[in-house]
Each structure stands twice: as structure tokens, then as C-alpha cells.
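A structural walkthrough
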Amino acid sequence: MATTTVTDVMAELAELEDPKAREVNARHGDDHGVHLGALRALGKRLKMQHDLARQLWATGDASARLLAVLICRPRAFERDELDAMVREARTPKVHDWLVNYVVKKSPHSDELRLAWFADADPVVASAGWALTTDRVTKNPGSLDLPGLLDVIETEMRDAPDRLQWAMNHCLAQIGIEHAEYRARAIDIGERLEVLKDYPTSPGCTSPFAPIWIGEMVRRAG
């Protein structure tokens, strides 16, 4: 597949398009009509092709961008290139895959985390919070966890949906991973009541931070 062109890939994506999948995805704010399993299978077949990934991203098509994330070389992107890509990634799934599969693996991830954290664009800011949550879990050393809780306590309730979700995830991870701040994290969640009534399928854990924290701590024993 080394000689595969962007035209070839776009034609294959068009064949994989499923109107019903697009309709379901649209309910969640996404605009792709190819099943994620099919995208992953195509990505596995194409393997890593960074130049092709850049071309697919440039099409602006959501399915092509998701595929680009799967076949790119994360560490090959420059800092400003990743900044531009995050600002272009407006739909939840493209944004989520880009941050989790690419930006988190980049040598520029912490620099971008700091730059995005308080960005005026709430979608970009949510990427900064997602990277911060990753640090809370894996490398909290230099983080000001009480300061993060202060910001969450002050701003989360009125934050736009996607930023609110990212801040809530950070709140939960602080409570889960850091016992010394667990009581405060639970208290903040209980007082703000963010996502308290979020519909949760049977067998899944509620994203309401006090329940989420309690369940994850219980599972950890």
C-alpha cells in the first residue's frame, strides 16, 4: 500500500460510508459516516504513512481525519502544526482521537498543555484540560493539584459542555489518584452537581464525580 494516494483512500472511504452510522453519529455532534471499526481496519492495512496522513487531514473530511490520526507519526508533527490541527478539529470524535492518539505522544505535549489550558476557545481549552488529566494520572510531580481544584470549583459549573466534561474528568482523576485530595474533590462534585443526572447505561459508571471516584477507588481495593 506504499503507493496509495489520497484519491484512492477517499474513494474507499466513500464506499464504506453508511448513512445510518452518519445519522447516529450526528446525534453526538460528529459528522463521519464510516464505522470506527472499518476505519481501524483500513488504518491497519495502510500502516504508518505520515505524508498520506497529512494529505488526508488537509481534505477536511472527518472520516479522512480520523484515518489520518491512525496512520500518522505523532512525533513528526511540529508544535505549531498540532496547534493548528486542534483548532481545526471541531467535532468531538476527531478532537478526542487527535488529542489522545497524537498530541499525548508528541514531545510538544506539555508545552501545548500549558498554552491551551486557559485558551479563549473552550474546545481548545478542553484539550489543555485533557492533557492535564493525563498528567494527573501519570506524572503529577510539578502540577499544582490544589490550584486545579480551585479553578474547577470556580469555573466548572458554568463552563461550555465540552470544557465542562474535561474539567469534570480532571476532578474525578484527582480524587481517584490522590487520596489526600479525595475528600475535597468529592465535596466539589457534590456541591456543583455537574453531570449528576447524566444518563448512564446499566453496567457503566456515572460521570458524576463523587460516584465515579467512589467506584474507581472501590475497584482498586
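Everything below is about the structure shown above.
This one's a predicted model, so the numbers in the text were calculated from it and none came from an experiment. (Residues numbered from 1 in each chain as written. Predicted model: local features only at pLDDT ≥ 70, side-chain atom pairs only at ≥ 80, totals over all residues. Heavy atoms only, no water.)

1. A closer look at empty space enclosed by the protein
A probe matching the size of a water molecule, rolled over the atoms, marks out where space remains unfilled. Note the threshold: The method works on a 1 Å grid over the protein atoms by themselves. A cavity is a set of points holding a 1.4 Å probe that cannot get out, a pocket is an open set with protein on both sides within 12 Å along at least five of seven lines, and residues with an atom within 4 Å of a point line them. Grid points are joined across faces, edges and corners, and a volume is the space filled by probe spheres set on the points. Numbering of helices and strands runs from the N terminus, with a helix taken as a DSSP run of H or I at least four residues long and a strand as a DSSP run of E at least two residues long. We call Asp, Glu, Lys and Arg charged. Ala, Val, Leu, Ile, Met, Phe, Trp, Tyr, Cys and Pro are nonpolar, and the rest, Gly among them, are polar.
In the structure shown here, the tally under the stated rule is 1 cavity of 30 Å³ or more. In this structure, the largest cavity spans a volume of roughly 30 Å³. What lines the largest cavity is Ala53, Trp57, Ala68, Val69, Cys72, Phe77, Met85 and Val102. Elements supplying a minimum of two residues to the lining of the largest cavity: helix 4 (50-58) and helix 5 (62-71). In the lining of the largest cavity, the residues fall into 8 nonpolar, no polar and no charged.

2. Concerning helix 5
Counted only if it meets this: Burial status follows relative accessibility: with a 1.4 Å probe on protein chains alone, a residue under 20% of its type maximum counts as buried, one over 50% as exposed, and anything between as partly exposed. Working rule for contacts: check all heavy atoms of both residues, and any pair within 4.5 Å makes them a contact. Between N or O atoms, a polar contact is any pair within 3.5 Å; within protein, one atom must be a potential hydrogen donor and the other a potential acceptor, and residues adjacent in sequence are included only when both atoms are from side chains.
Across the 10 residues that make up helix 5, a large majority, 9, are buried. Within the sequence span of helix 5, burial applies to Ala62, Ser63, Ala64, Arg65, Leu66, Leu67, Ala68, Val69 and Ile71. Of the surrounding secondary structure, the elements contacted by the buried residues of helix 5 are helix 1 (6-16), helix 3 (36-46), helix 4, helix 6 (79-88) and helix 7 (92-102). A distance of 3.1 Å separates the backbone nitrogen of serine 63 from a side-chain oxygen at the start of helix 5, and that oxygen is part of aspartate 61.

3. A word on unusual backbone geometry
Note on backbone geometry: most residues besides glycine have negative phi, and most peptide bonds are trans. You will see that glutamate 193, though not glycine, has its phi angle at about 60 degrees, which is positive. Tracing the backbone shows glutamate 193 in the loop between helix 12 (182-192) and helix 13 (209-220). The exposure class assigned to glutamate 193 is partly exposed, which follows from its relative accessible area of 42%. A positive phi is found at leucine 195, a non-glycine position, where the angle reads about 65 degrees. Relative to the helices and strands, leucine 195 resides in the loop between helix 12 and helix 13.

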